Amino acid sequence: MKFADEVSLAVEFCGFKMPNPFILSSAPPTGTGDMIRVAFRAGWGGAVTKTIGMDKDIGPNVTPRLHHLSFPGKADEPKKLYGLQNIELITDRKLEIWLNEIQMITKEFPDRLLIASIMAGGDDKESWQTLAKSCELNGAKMLELNFSCPHGMPEKGMGAAVGQNPEVCKTVTSWVKEVTKIPVMPKMTPNITDITAPALASIEGGADAISAINTVGAVMGIDLKTLNPFPDVGGYSTPGGYSGPAIKPIGLKAVSSLYNSINVPISGMGGIENWKDAAEYILLGARTVQLCTAVMFHGFSIIEELNDGLTGFLEDHGFQSLDDCVGLSAKKITDHVKLDRNIKKISSFNHKTCIKCDLCYISCRDAGYQAIAVNEERYPVVDTARCTGCSLCEQVCPVWDCVKLVTA
Ligand SMILES: Cc1cc2nc3c(=O)[nH]c(=O)nc-3n(C[C@H](O)[C@H](O)[C@H](O)COP(=O)(O)O)c2cc1C
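Since the model is a prediction, treat every value here as computed from it, not as a measurement.

J.: Would you take a moment to explain the overall build of the chain for this structure?
T.: A tally of regular secondary structure across the chain gives twelve helices and 18 strands. By the compact-globule yardstick of 22 Å for 408 residues, the chain fits well, its C-alpha radius of gyration being 24 Å. Its C-alpha atoms put the chain at 75 × 65 × 40 Å along the principal axes. Looking at the chain residue by residue over its 408 residues, the buried ones come to 46%. The contacts of the chain with a sequence gap of at least 6 include a subset with a gap of at least 24, amounting to 71%.

What follows is the structure, given as structure tokens:
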């Protein structure tokens, strides 16, 4: 018998006990020690610093360096952001400043997981080892190795230039492991065919955990007045990293593939906005989850909804802790050839909720199996002999409880 008050979000990650699995990812919300302090006071379980480099490798950012993708909505409706592209570089703050801040924060918040994100060139052993040793010496509890920044840094042999080459991942991880005792977590890029290859190579090099994903390579669009690409930096732009709700499916695929192939803990991220997104990542194998864009859109206070919602989810399912559900759904992601071809379902319509928009009829007519007709009262009717159960009508229907698939 389980009692609701026994439910706890506390989780152990690489030997460190955290009050909850929610970590701020390496990004603008962790751009300074002061910001991390505010986040920890708000209740975040951990934070990864904005990526730190050697002073020789840091430089000024361009402006602007962000561009959003939104549902335009109507002119009088607020826009709903579902994606963000950035062409921001790693921190432009000096190493010495970061080391002081890491020291202060870890002293002030000993129960929170402060992870230092570090980056250097794929051939620069000395810089990797200097960064790793100095962050450890100043109190960082873990290191995240940025093998995944998709813009700016790869041109200098850093970030995704490392993460797209499994041999280099292994070598760099082993350099860091040679000089540090704290756990090391390389961060993977989704901009590669098989994300498990660099992860497995990093583990061969000694990685204690894997984090995924960094942003997805993207060009956000063109301003049709000026004909310049976004973000417009003096008439030019560059492919950048796409984040936010739009990339959640890509992150979930990465985490489930990793969980089914590796034997170290995973910190999952990409498009997590609320506790439901976090629960999905956890069910597919993430032991901790990281957030960036949601915090950039809504602020640190979303931690309250994340904690309350995830606790409620555990209670509703009779789970006592996250240990009961990490990876529970990952085994249900299987090969296509193993899916049951004997299951036959067809569409069924609820005329009480139908708004007679015709979208199901049009999409089935022009992109489906011509299995929907519209009756005299303009309600959709299924031709059960023609319907193959593809579910396109369910996808396009703007009403939540109008179309459902039922056993044929
Ligand atoms: C503006 C911006 C800057 C970022 N800077 C870094 C960085 O310095 N290091 C890093 O590892 N990831 C960086 N990221 C990637 C995020 O940490 C995260 O992996 C990605 O945004 C996906 O998570 P999200 O969808 O919750 O934002 C950055 C993301 C954004 C939007």
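Further notes follow.
J.: Would you mind going over the domain arrangement of the chain with me for this structure?
T.: When the parts of a complex come together, some accessible area is lost, and that lost area is often used as the size of the interface. Per the domain assignment, the segments of the chain are domain 1 (4-332) and domain 2 (340-407). For domain 1 versus domain 2, the separation of C-alpha centres amounts to 40 Å.

J.: Sorry if this is basic, but what is going on with the environment of serine 321 here?
T.: You can see serine 321 is positioned in the loop between helix H10 (302-317) and strand E15 (345-349). For serine 321, a count of 15 C-beta atoms within 10 Å gives the class partly exposed. In the structure, serine 321 is positioned 288 residues away from glycine 33 in sequence and 30 Å away in space, judged by C-alpha atoms.

J.: Would you take a moment to explain the pairing of strand E12 (residues 240-243) for this structure?
T.: When a strand is regular, its side chains alternate between the sheet's two faces. Looking at chain direction, strand E6 (residues 80-86) and E12 are connected through three bridges and run antiparallel. Looking at E12, one finds that asparagine 86 is bridged to glycine 241. One ladder, built from three bridges, connects strand E11 (residues 216-218) with E12; its direction is antiparallel. Bridge pairing links glycine 217 to glycine 241 in E12.

J.: What exactly am I supposed to notice about the packing of helix H3 (residues 125-137) against helix H5 (residues 166-179) here?
T.: In the contact formed by H3 and H5, the axes pass within 9 Å of each other and the chain directions differ by 45°. Between H3 and H5, the angle falls in the class oblique. Crossing angle aside, the handedness with which H3 passes H5 is right-handed. Contacts from Lys125, Trp128, Gln129, Ala132 and Lys133 in H3 reach Val172, Trp175, Val176 and Val179 in H5. When grouped by side-chain class, the residues that make up the contact of H3 with H5 number six nonpolar, one polar and two charged.

J.: Got a minute to help me understand the site of the ligand in this structure?
T.: Near the ligand lie 27 residues; those nearest to it are Ser25, Asn86, Ser243, Cys292 and Thr293. If you list the elements that add at least two residues to the shell around the ligand, you get E6 and helix H9 (293-298). Class assignment for the residues of the shell around the ligand results in eleven nonpolar, 13 polar and three charged.

J.: Hey, could you run me through the sheet that holds strand E5 (residues 66-71) in this one?
T.: Adjacent strands of a sheet pair through backbone hydrogen bonds, lying either parallel or antiparallel. The four strands are arranged E5-E6-E12-E11 in an open sheet whose pairing can be described as antiparallel. Two strands in the sheet have a free side with no partner beyond their single neighbour: E5 and E11. For this sheet the average axis-to-axis angle between neighbouring strands, irrespective of direction, equals 35°.

J.: Teacher, can you tell me more about the pairing of strand E13 (residues 266-269) here?
T.: Here E13 shows no split at all, with Ile266 and Gly268 on one side and Ser267 and Met269 on the other all buried. Note that strand E10 (residues 210-212) and E13 share three bridges and pair parallel. Looking at E13, one finds that alanine 212 is bridged to glycine 268. The sheet contact formed by E13 and strand E14 (residues 286-291) spans four bridges and is parallel. From the neighbouring strand, isoleucine 266 faces E14, where its bridge partner is alanine 286. Handedness of the β-α-β unit built from E13, helix H8 (residues 275-283) and E14 comes out right-handed.

J.: Sorry if this is basic, but what is going on with the nonpolar core here?
T.: Grouped together as the largest cluster of nonpolar side chains are 90 residues, with contacts concentrated most on Leu143, Val255 and Val289. Counting residues per element, this core draws most heavily on H8, which supplies six residues. Aside from chain neighbours lying at most four places away, what touches leucine 143 is Ile115, Ala116, Ile118, Ala132, Cys135, Val176, Thr180, Ile182, Val184 and Met185. If you look at the next biggest cluster of nonpolar residues, it comprises eleven residues, including Tyr361, Cys364, Ile372 and Val403.

J.: Looking at this model, I keep getting lost on helix H11 (residues 359-367). Mind explaining?
T.: Each full turn of the α-helix corresponds to 3.6 residues, which orients residues three or four apart in the same direction. Within H11 the residues assigned to the buried category are Cys360, Tyr361 and Cys364. Taken down its axis, H11 places every buried residue within 100° of arc, on the same side. Facing away from the buried side of H11 by more than 90 degrees, the exposed set consists of Asp366 and Ala367.

J.: What is the right way to read unusual backbone geometry from this model?
T.: Trans peptide bonds make up the majority, and among non-glycine residues the majority have a negative phi. The peptide bond linking alanine 212 to isoleucine 213 adopts the cis configuration, its omega dihedral lying at 10°. Inspection of the secondary structure puts isoleucine 213 in the loop between E10 and E11. In this structure, proline 231 follows phenylalanine 230 across a cis peptide bond, with omega equal to -20°. Notably, leucine 227 is not glycine yet its phi reads approximately 65°, a positive angle. Here leucine 227 is to be found in the loop between E11 and E12. For lysine 356, which is not glycine, the phi torsion reads 55° and is therefore positive. With respect to the element layout, lysine 356 can be found in the loop between E15 and H11.

What counts, and where the lines are drawn
Residues numbered from 1 in each chain as written. Predicted model: local features only at pLDDT ≥ 70, side-chain atom pairs only at ≥ 80, totals over all residues. Helix = DSSP H or I, 4+ residues; strand = E, 2+ residues; numbered from the N terminus. Rg over C-alpha atoms; globule rule 2.2 N^0.38 Å. Buried ≥ 20, exposed ≤ 12 C-beta atoms within 10 Å, placed from the backbone. Contact = placed C-beta atoms within 7 Å. Domains from an automatic or database assignment. Pairing = 2+ DSSP bridges. Axes fitted to C-alpha atoms, helices over the stretch in contact; angles between N-to-C directions. Parallel < 35°, antiparallel > 145°, perpendicular 65-115°, else oblique. Left-handed = near helix turned anticlockwise from the far one by under 90°. Nonpolar A, V, L, I, M, F, W, Y, C, P; charged D, E, K, R; others polar. Near = placed C-beta within 6 Å. Right-handed = clockwise from strand over helix to strand, strands pointing away. Core = buried A, V, L, I, M, F, W, Y, C linked by C-beta atoms within 7 Å. Arc of directions from axis to C-beta.

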